[in-house]
Amino acid sequence: YTLQDVDFAELNTWSNKMTEKMRSLPQLADVTSDLLDNAPQLKMTINRDQASRFGISPQAIDDTLNDAFGQRQVSTIYKRYNQHHVVLEVDPRYQEDPTSLEKIFVKSNTGRQVPLASVARFSTTNTALSVNHQGQFPAVTISFNLRPGVSLGDATELINGAARELGMPSSIQGSFQGTAQLFQASLATLPLLIGAALVVVYIVLGVLYESLIHPLTILSTLPSAGLGALLALLVTGKDLSLVAFIGIILLMGIVKKNAILMIDFAIDAERRDDLTPEEAIYQACVVRFRPIMMTTLAAMFGAVPLIIATGTGAELRQPLGISVVGGLIVSQILTLFTTPVIYLTFEHLRQWTRRHFHARPATASAAGVS
């Protein structure tokens, strides 16, 4: 979780608060921050009134400190074959001790040597060892791990809630990075992926059956499959992870097959044998019951090893098997009864629409002839 702000001091304060808040959450573990703000810093404050009485300007103090610690090149010694740069600095043994500043003298405009400690005071504080940036703004990244049994989706919700409880100013922007960012991106695209799949399936079925209504009958079996998958995950205590979503998308192809077997037979029986919709769908249920059960049981037993498997990576594949088996069980129980009802409802609606909209032109033309 990364925090960004233009003001580094404000970012430093609120990032520490956010880190402590995240550490108080029992669902998170190993909460650490990349902000290293414990580096020692010596701060010098110039007493400008005192310095002016001695005839010392702030520029003179800056130049003196630069000569002592800035390793400033002051001259170059030229010899016959090479040259040597002359660097002005204090003895290296004085550069490691902060108390050495009390031994430095500053030259006033009158030529007097005034101790630096007479015109400035020193204080020791802490500062950041390094300042990380992201998108040209100072940033602090807080890393965390999850406790056993806690999903990444729950963790992101908890962190967003913690940020709202702290009431951070609007100038601080928080965003997830790394695995959490990929998780949010995948969740954002999954509804679009499922919607696109439904549209493609509807177009293909509409072209296949030359109808705009019967594809809806086939697609009506999908909600029961999704409900079964969610119930199975809820009963087993598994999270709705990306792998479980893949299982739900897989169900769209398996469950849709049951309705296709019945609807395809019923439509063919109506057109070829001139049967009524009730007779056609009844005959389809009787004839297609066996292949529907066989294909469903084959798919279901094929997913059972994913559920009972053990070993490395088994916990990643278990939601896939659970969602497939749960969706097949619930959809198999419901679609055998709901698909004929929905088919008859849409078929009666289609026939009523045809009679209603085709009767008016015929009546009008008959009246014109008479």
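Residues numbered from 1 in each chain as written. Predicted model: local features only at pLDDT ≥ 70, side-chain atom pairs only at ≥ 80, totals over all residues. Heavy atoms only, no water.

Student: Which parts of the structure should I look at to understand the overall build of the protein?
Tutor: Within the protein, the regular secondary structure consists of eleven helices and eleven strands. Relative to its length of 370 residues, the protein is extended, with a C-alpha radius of gyration of 39 Å against a globular reference of 21 Å. Over its C-alpha atoms, taken along the principal directions, the protein stretches across nearly 125 × 65 × 55 Å. Counting across all 370 residues of the protein, residues that qualify as buried make up 34%. Relative to all contacts within the protein whose residues are 6 or more apart in sequence, the contacts with residues 24 or more apart total 71%. (Helix = DSSP H or I, 4+ residues; strand = E, 2+ residues; numbered from the N terminus. Rg over C-alpha atoms; globule rule 2.2 N^0.38 Å. Buried < 20%, exposed > 50% of the residue type's maximum accessible area, 1.4 Å probe, protein only. Contact = heavy atoms within 4.5 Å.)

Student: Whenever I open this one, the packing of aromatic side chains confuses me. Can you help?
Tutor: The description of an aromatic ring pair rests on the distance of the ring centres and on the angle between the ring planes. Tallied over the entire structure, the rule returns one aromatic pair. Across from the ring centre of Trp14, 4.2 Å away, lies the NZ or CZ of Lys17, which sits over that ring. (Phe/Tyr/Trp six-rings, centres within 6.5 Å; stacked < 30°, edge-to-face > 60°. Lys NZ or Arg CZ within 6 Å of the ring centre and 35° of its normal.)

Student: Mind showing me how you'd approach the side chain of Thr335 here?
Tutor: Relative to the elements of secondary structure, Thr335 occurs in helix H11 (residues 314-369). In this structure Thr335 touches Thr221, Ser224, Asn258, Met262 and Pro340, once residues within four positions along its chain are discounted.

Student: Hey, could you run me through the nonpolar core in this one?
Tutor: Nonpolar side chains tend toward joint burial in soluble globular proteins. Within the largest apolar cluster, 23 residues are counted, with the highest numbers of intra-cluster contacts made by Tyr1, Leu3, Met18, Met22, Leu28, Phe144 and Ile159. Secondary-structure elements contributing two or more residues to this core are helix H1 (8-23), strand S2 (28-33), strand S10 (137-146) and helix H5 (152-166). In terms of residues, this core owes the most to one element, H5, which gives five residues. Once residues lying within four places of it in the same chain are set aside, the contact partners of Tyr1 are Met18, Val140, Thr141, Ile142, Phe144, Ile159, Asn160, Ala163, Gly174, Ser175 and Phe176. Within the second largest apolar cluster, 18 residues are counted, among which are Leu219, Leu222, Ile263 and Leu344. (Core = buried A, V, L, I, M, F, W, Y, C linked by side-chain atoms within 4.5 Å.)

Student: Teacher, can you tell me more about the side chain of Thr2 here?
Tutor: Inspection of the secondary structure puts Thr2 in strand S1 (residues 2-4). You can call Thr2 buried: its relative accessible area is 0%. Within the structure, the side chain of Thr2 is placed 3.2 Å from the side chain of Thr141, a separation counted as a polar contact. (Polar contact = N/O pair within 3.5 Å; in protein donor to acceptor, adjacent residues only side chain to side chain.)

Student: Teacher, can you tell me more about the environment of Ile172 here?
Tutor: Positionally, Ile172 belongs in the loop between H5 and strand S11 (173-175). Ile172 sits 162 residues away from Glu10 along the chain, and the two C-alpha atoms are 8.4 Å apart. Ignoring anything within four residues of it in the chain, the contact list for Ile172 reads Leu3, Gln4, Asp5, Glu10 and Trp14.

Student: Before we go on, may I ask you to explain unusual backbone geometry in this structure?
Tutor: Keep in mind that most residues, glycine aside, have a negative phi and that most peptide bonds are trans. At Asp30, a position not held by glycine, the phi torsion is positive, near 55°. Inspection of the secondary structure assignment puts Asp30 in strand S2. Of note, the phi angle at Gln71 is positive, near 55°, even though the residue is not glycine. By the element assignment, Gln71 lies in the loop between helix H3 (58-69) and strand S4 (72-78). The class for Gln71 is exposed, based on a relative accessible area of 51%.

Student: Any chance you could explain a nonpolar patch on the surface here in plain terms?
Tutor: Taken together, the side chains of Val199, Ile203 and Val207 present a nonpolar region at the surface, about 290 Å² in accessible area. Mapped onto the elements of the fold, Val207 is located in helix H6 (residues 179-209). The exposed category is assigned to Val207, whose relative accessible area is 64%. (Patch = residues over 30% accessible without salt bridge, like charges linked within 9 Å, V, L, I, M, F, W, Y side chains within 5 Å. Areas by Shrake-Rupley, 256 points an atom, 1.4 Å probe, with all protein chains shown as cover. Salt bridge = Lys/Arg side-chain N within 4 Å of Asp/Glu carboxyl O.)

Student: What's the story with the pattern of salt bridges in this structure? I'm lost.
Tutor: When their charged atoms lie close together, side chains carrying opposite charge are able to pair. For the coordinates displayed, the defined rule picks out six salt bridges. Across the pair Arg23 and Glu20 runs a salt bridge, and its minimum N-O distance is 3.2 Å. Taken together, the residues span about one helical turn, with Arg23 and Glu20 both in helix H1 at a distance of three residues. Classification of Arg23 by relative accessible area gives partly exposed; the value is 45%. Residue class for Glu20 comes out partly exposed when judged on its relative accessible area of 49%. Notably, a salt bridge pairs Asp67 with Arg72, separated by 2.3 Å at the nearest N-O pair.

Student: It is not clear to me how helix H8 (residues 222-236) should be interpreted in this structure. Could you clarify?
Tutor: A turn of α-helix holds 3.6 residues, and therefore any two residues three or four places apart point the same way. Taking 1.5 Å of rise per residue, the 15 residues of H8 would be expected to cover 21 Å, and the 21 Å separating its terminal C-alpha atoms lies within 8% of that figure. For H8, the complete set of buried residues consists of Leu222, Ser224, Ala225, Gly226, Gly228, Ala229, Ala232 and Leu233. Looking at the residues trailing H8, positive phi occurs at Gly237, about 75°. (Expected span 1.5 Å × (residues − 1).)

Student: Got a minute to help me understand the packing of helix H9 (residues 242-273) against helix H10 (residues 277-308) in this structure?
Tutor: The angle between the axes and the distance between the axes are what describe a pair of packed helices. Here H9 crosses H10 at 150°, and the two axes come no closer than 8 Å. With respect to H10, the axis of H9 lies roughly antiparallel. Relative to H10, H9 is oriented so that their crossing is right-handed. Of the residues belonging to the contact of H9 with H10, the class tally is 16 nonpolar, four polar and three charged. (Axes fitted to C-alpha atoms, helices over the stretch in contact; angles between N-to-C directions. Parallel < 35°, antiparallel > 145°, perpendicular 65-115°, else oblique. Left-handed = near helix turned anticlockwise from the far one by under 90°. Nonpolar A, V, L, I, M, F, W, Y, C, P; charged D, E, K, R; others polar.)

Interpretation in functional terms is not warranted from these geometric data alone.
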